[in-house]
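Residues per chain are reported as follows:
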Amino acid sequence: MGQTGRPAAGQQKRMANYELLRILSMLMVITLHYLSHTGSLLTPGEAAQGRQVLGTLIESFCIVAVNVYVLISGYFLVEAGFRLKRILVLVGQVLFYALAVPLVMLGLGNFNGEAGLYQMIPYVFPLQAEHYWFATSYVLLYLFTPFLNTAVKHMGKRQMQIALAGLLLLFSIEKSVIPAVFVTDRFGYDFGWFLCVYLLAAYIRLYGFSLLNTAKRAWSCYICCGLFLFAAVTVSYLIHEKTGALAYYTTVPFHYNYIFCLLGAAALFAAFGYVKIPAGKAADRICRLSAFTFGVYLFHEHLDIRNVWVGWIEEFLGPVSQTGLAGFLGHLVISVALVYAAGTFVDAVRLNIFRFTGRYLSQTRPAGWIRKLDEYW
């Protein structure tokens, strides 16, 4: 990616261009969930209308979001190092949402879940039960960062290239070209794929990415990947409609470990490396707002919210199925904005609670032990 936008080794300052990309990635994630929940994607066996075609086009440019989010983390964590305090805050944040949301909904009389012992496991053990698959994979990845960072810093460029090529062949390239379901393929929804993306981010941080060494190349590559994904899904859908074949492969371009999904994510990440945001109020606001992105995800993807938030919005905006294409776009934009705003507000409340309790916990003996342990890193 060249040197544009790259911080010096060990620099901890948050960079507004990448924080803006983090915000954009979360908006894309909400968009992906909206399109899925509203039936606005081309689906084998179902008739294609304008909304499904447009939704699939939008999905093609947003599907890179999760890979982008992990790329940002890997790019900075490879230099920032491991902190026990950070992992405890992450786990605490996940537990906060897993437990607080049903309690609030119960208080409001909107909790529809069951209260049996077995049904409580996803709330009490959200990481182990994959209440949030992303959070489980991300926490596991963070736990492995000391080993990953030590490895990449002791490997040469050629060694990393060979290792990455092998991992991508196993996790991405094979499944991208062979129209069959592999037992080991979890479509990128797992720690193994996050490890591959993290190592790619580490390679970009250490050695750059010559393929995307200008802003024009990076943006062009992202656009081309999005159009290719749209074409791949559409052609597969049309073939299925005529022959009954390729039903599975219609979904493959929208798997996170599809090779062009990864390349598109790398291109968008590289493109934002050339985005210039001068230091000042705008940059500060972007950095403050980006701190809530993980909370936005935990809020709207909670087990008791993920399948109903679209219905809540449709009570105010009306069913998206009754809108035209322009109405669909407006419905999508307003819905995504509402979810992001609500998630940001809730996480701001959560942050203040954590800061308040943190001031007291920081004086305890366990907090002192954590600080001493973090000195080893």
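Enquirer: Is there a simple way to think about the pattern of salt bridges in this case?
Expert: Close approach of charged atoms allows side chains with opposite charge to pair. Taken as a whole and judged by the stated rule, the model has 5 salt bridges. A salt bridge links Glu-19 to Arg-22; the nearest nitrogen and oxygen atoms lie 3.0 Å apart. One end of the pair is Glu-19 and the other is Arg-22, both in helix α1 (residues 16-37) and 3 residues apart, which spans about a single turn. The pair formed by Glu-19 and Arg-22 is uniform in burial state, with each residue classed as buried. Notably, a salt bridge pairs Asp-185 with Lys-175, separated by 2.7 Å at the nearest N-O pair. Placement of Asp-185 in the loop between α7 (157-177) and α8 (191-207) and of Lys-175 in helix α7 is noted, with a sequence separation of 10 residues between them. Looking at Lys-175, the relative accessible area reads 2%, which means it is buried.

Enquirer: How should the nonpolar core be read in this particular structure?
Expert: One finds Phe-134, Phe-194 and Phe-294 to be the most contacted residues of the largest nonpolar core, which totals 102 residues. Here this core gets 13 residues from one element, more than from any other, and that element is α8. Non-local contacts of Phe-134, meaning those with residues more than four positions away in its chain, are made with Val-66, Tyr-69, Val-70, Phe-194, Phe-294 and Tyr-297.

Enquirer: Would you mind showing me how to read the layout of surface pockets here?
Expert: Gaps left between atoms show up when a probe the size of a water molecule is rolled over them. A volume near 1,700 Å³ is recorded for the largest pocket. Looking at the lining of the largest pocket, the elements that each hand over two or more residues are α1, α3 (65-80), α4 (84-108), α6 (133-153), α11 (281-290), α12 (293-300), α14 (325-361) and α15 (365-374). Of the residues that constitute the lining of the largest pocket, the class distribution is 21 nonpolar, 12 polar and 12 charged.

Enquirer: Explain the environment of His-240 here, please?
Expert: The topology assignment puts His-240 in helix α9 (residues 215-243). When the C-alpha positions of His-240 and Tyr-189 are compared, they lie 25 Å apart, and in sequence the two are 51 residues distant. Apart from the residues within four sequence positions on either side, His-240 is in contact with Pro-44, Gly-45, Ala-245, Leu-246 and Ala-247.

Enquirer: It is not clear to me how a nonpolar patch on the surface should be interpreted in this structure. Could you clarify?
Expert: A contiguous nonpolar patch, built from Leu-95, Leu-99, Tyr-118, Ile-121, Val-124 and Phe-125 and spanning about 550 Å² of accessible area, is present on the exposed surface. Within the residue set of the nonpolar patch, elements represented by two or more residues are α4 and α5 (121-124). Residue position: Phe-125 is located in the loop between α5 and α6. On the basis of relative accessibility, which here comes to 43%, the residue Phe-125 falls in the partly exposed class.

Enquirer: Teacher, can you tell me more about α14 here?
Expert: Here α14 spans 52 Å end to end across 37 residues, near enough to the 54 Å set by a 1.5 Å rise per residue. Of all the positions in α14, only Phe-328, His-331, Leu-332, Ser-335, Val-336, Val-339, Tyr-340, Gly-343, Thr-344, Asp-347 and Arg-350 are classed as buried. Looking at the buried residues of α14, the elements they touch are α1, α2 (50-62), α4, α11, α12 and α13 (309-317).

Enquirer: It is not clear to me how the packing of α1 against α3 should be interpreted in this structure. Could you clarify?
Expert: Any two packed helices are characterised by how steeply their axes cross, that is the angle between the axes, and by the distance between the axes. Their axes nearest at 8 Å, the elements α1 and α3 cross at an angle of 150°. The angle between α1 and α3 falls in the class roughly antiparallel. Handedness of the α1/α3 crossing: left-handed. Across from Tyr-18, Leu-21, Arg-22, Ser-25, Met-26, Met-28 and Val-29 in α1, the residues of α3 making contact are Ala-65, Val-66, Val-68, Tyr-69, Ile-72, Ser-73, Tyr-75 and Phe-76.

Enquirer: What exactly am I supposed to notice about unusual backbone geometry here?
Expert: Positive phi, close to 65°, is recorded for Phe-187, a residue that is not glycine. Note on placement: Phe-187 falls in the loop between α7 and α8. For Phe-187, a relative accessible area of 27% gives the class partly exposed. Positive phi, normally seen in glycine, also occurs at Leu-246, with a value near 65°. Tracing the sequence through the fold places Leu-246 in the loop between α9 and α10 (259-272). Given a relative accessible area of 31%, Leu-246 falls into the partly exposed group.

Enquirer: Before we go on, may I ask you to explain the packing of aromatic side chains in this structure?
Expert: The relation between two aromatic rings is expressed through the spacing of the ring centres and the mutual angle of the planes. By the definition in use, this model includes 31 aromatic pairs. A cation over a ring is seen here: Arg-205 above Tyr-75, with NZ or CZ 4.9 Å from the ring centre. Taking the ring centre of Phe-354 as reference, the NZ or CZ of Arg-350 above it sits at 4.7 Å.

Enquirer: Got a minute to help me understand the environment of Arg-371 in this structure?
Expert: Its place among the elements puts Arg-371 in helix α15. Separated by 288 residues in the primary sequence, Arg-371 and Arg-83 have C-alpha atoms spaced 9.1 Å apart.

Enquirer: What am I meant to see in α3 here?
Expert: One turn of an α-helix holds 3.6 residues; hence residues three or four places apart share an orientation. Under the 1.5 Å per step criterion, the end-to-end length of α3 is 22 Å for 16 residues, consistent within 8% with the ideal 22 Å. Just past α3, the residue Gly-81 takes up positive phi, approximately 85°.

Rules used in this analysis
- Residues numbered from 1 in each chain as written.
- Predicted model: local features only at pLDDT ≥ 70, side-chain atom pairs only at ≥ 80, totals over all residues.
- Heavy atoms only, no water.
- Salt bridge = Lys/Arg side-chain N within 4 Å of Asp/Glu carboxyl O.
- Helix = DSSP H or I, 4+ residues; strand = E, 2+ residues; numbered from the N terminus.
- Buried < 20%, exposed > 50% of the residue type's maximum accessible area, 1.4 Å probe, protein only.
- Core = buried A, V, L, I, M, F, W, Y, C linked by side-chain atoms within 4.5 Å.
- Contact = heavy atoms within 4.5 Å.
- 1 Å grid on protein atoms, 1.4 Å probe; cavity = no way out; pocket = protein on both sides within 12 Å on 5 of 7 lines; lining within 4 Å.
- Points joined across faces, edges and corners; volume = space filled by probe spheres on them.
- Nonpolar A, V, L, I, M, F, W, Y, C, P; charged D, E, K, R; others polar.
- Patch = residues over 30% accessible without salt bridge, like charges linked within 9 Å, V, L, I, M, F, W, Y side chains within 5 Å.
- Areas by Shrake-Rupley, 256 points an atom, 1.4 Å probe, with all protein chains shown as cover.
- Expected span 1.5 Å × (residues − 1).
- Axes fitted to C-alpha atoms, helices over the stretch in contact; angles between N-to-C directions.
- Parallel < 35°, antiparallel > 145°, perpendicular 65-115°, else oblique.
- Left-handed = near helix turned anticlockwise from the far one by under 90°.
- Phe/Tyr/Trp six-rings, centres within 6.5 Å; stacked < 30°, edge-to-face > 60°.
- Lys NZ or Arg CZ within 6 Å of the ring centre and 35° of its normal.

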